[in-house]
Amino acid sequence: MERRKVVVLGKYDAGKSTLISRLADNAKNVEYDGITVSMDIGYKVFGNKKLYFFGTPGQERFKFLRKILSEGLDCGIVVVDSTRGLTREDMEILEQVKAMGVPYMVFVNKTDKGELDYDFGVATVKGSALHGDGVNRVVETVLAMT
Ligand SMILES: Nc1nc2c(ncn2[C@@H]2O[C@H](COP(=O)(O)OP(=O)(O)O)[C@@H](O)[C@H]2O)c(=O)[nH]1
Ligand SMILES: [Mg+2]
């Protein structure tokens, strides 16, 4: 079995935890008042690959965890909230993942409520983590990238 480390990044409330709970069978999340204070983790086997999904916490003071979680990653998924538009924080996260030098994709989330057209220059899937739209295409994209 080949193992792959996939890190899900994005600002607070973008839908990282929701996406990971859709992607993995056994997602665990440590949260307090609805905010991920620690991290998400889950895995799922696809053919001969075992994908491990790690979610980063949204709060600024846990920024250091983003770096730790991003050690030795095989691929990144940046979750963007279409109802909020692109913010400075989204741009910072995109720059950060680009600097890691690994393949990454963008998931434009909450398209059940919002709309966002932007050319991220990498594979982009639009959908809804809450409703499961686009989640299969995220998996296909990750498998193709890793
Ligand atoms: N309308 C809508 N809400 C969503 C979607 N995905 C997540 N949410 C909601 O957005 C909020 C934040 O989601 P969460 O996964 O905790 O975000 P995180 O902070 O990035 O981990 C929760 O209330 C979710 O139910 C979606 O596709 N559509
Ligand atoms: Mg979360």
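Going by the structure above, here's the rest.
Residues numbered from 1 in each chain as written. Chains lettered and ligands numbered in written order. Predicted model: local features only at pLDDT ≥ 70, side-chain atom pairs only at ≥ 80, totals over all residues. Heavy atoms only, no water.

### Examining the packing of aromatic side chains
Note the threshold: Pairing of aromatic rings covers Phe, Tyr and Trp, the last through its six-membered ring, and needs centres within 6.5 Å; plane angles under 30 degrees mean stacked, over 60 mean edge-to-face, and all others mean tilted. Each residue gets one of three labels from its accessible area relative to the maximum for its type: buried under 20%, exposed over 50%, partly exposed in between, using a 1.4 Å probe on protein chains only. To sit over a ring, a charge needs its Lys NZ or Arg CZ within 6 Å of the ring centre and within 35 degrees of the ring normal.
Counting across every chain of the model gives 2 aromatic pairs. A centroid spacing of 5.7 Å and a plane angle of 45° characterise the contact between Tyr-43 and Tyr-52, whose relative ring orientation is tilted. Since its relative accessible area comes to 35%, Tyr-43 is described here as partly exposed. Residue class for Tyr-52 comes out buried when judged on its relative accessible area of 17%. Summarising the aromatic geometry, the rings of Tyr-118 and Phe-120 are spaced 4.8 Å apart at their centres and angled 70° between planes, so their arrangement reads as edge-to-face. Taking the ring centre of Phe-54 as reference, the NZ or CZ of Lys-5 above it sits at 5.2 Å.

### What about the pattern of salt bridges?
This is how it is decided: Salt bridges are identified by distance alone: a Lys or Arg side-chain nitrogen within 4 Å of an Asp or Glu carboxyl oxygen. In this text, helices come from DSSP runs of H or I with a minimum length of four residues, and strands from runs of E with a minimum of two, each type numbered from the N-terminal end.
Overall, the coordinates contain 10 salt bridges when judged by the stated rule. Residue Arg-84 is joined to Asp-81 by a salt bridge in which the shortest nitrogen-to-oxygen separation is 3.9 Å. A salt bridge links Lys-98 to Glu-95, with the shortest nitrogen-to-oxygen separation between them at 3.8 Å. Residue Lys-98 and its partner Glu-95 are located together in helix α3 (residues 88-99), separated by 3 residues, close to a single helical turn. The partly exposed category is assigned to Lys-98, whose relative accessible area is 46%.

### As for the site of ligand 1
For the record, the criterion: Throughout, the term near means that a residue has one or more heavy atoms lying within 4 Å of the molecule or strand in question. Whenever a nitrogen or oxygen atom comes within 3.5 Å of another N or O atom, the pair is scored as a polar contact, on the condition that within protein one atom can donate a hydrogen and the other can accept it, and that pairs from neighbouring residues in sequence are kept only if both atoms are in side chains. Only the protein chains shown count as cover for residues, with accessible areas throughout obtained via the Shrake-Rupley method and a probe of 1.4 Å. Each residue gets one label: Ala, Val, Leu, Ile, Met, Phe, Trp, Tyr, Cys and Pro are nonpolar, Asp, Glu, Lys and Arg are charged, and the others, such as Gly, are polar.
Near ligand 1 you find 15 residues, and of these Asp-13, Lys-16, Thr-18, Asp-112 and Ser-128 are the closest. At a separation of 2.8 Å, an oxygen atom of ligand 1 approaches a polar backbone atom of Asp-13. Taking Ala-14, its main chain carries an N or O atom lying 3.2 Å from an oxygen atom of ligand 1. Considered on its own, ligand 1 offers 580 Å² of accessible surface; in the complex 80% of this is hidden by protein. Ranked by residue count, the leading element in the shell around ligand 1 is helix α1 (residues 16-23), at 3 residues. Here the shell around ligand 1 is composed, by residue class, of 4 nonpolar, 5 polar and 6 charged.

### Observations concerning the pairing of strand β5 (residues 75-81)
Let me state the cut-off plainly: One requirement defines pairing of two strands: DSSP has to find at least two bridges between them. Looking down the strands as they point away from you, a crossover is right-handed if its path from the first strand over the helix to the second goes clockwise.
Burial of β5 is extensive: 7 of the 7 residues sit out of reach of the surface. Residue alternation in β5 divides its side chains into two sets, Cys-75, Ile-77, Val-79 and Asp-81 and Gly-76, Val-78 and Val-80, and both sets are buried. Across 5 bridges, the pairing between strand β1 (residues 2-10) and β5 is parallel. Each residue of the ladder has a partner; that of Val-7, found in β5, is Gly-76. Note that the unit made of β5, α3 and strand β6 (residues 104-109) has a crossover that is right-handed.

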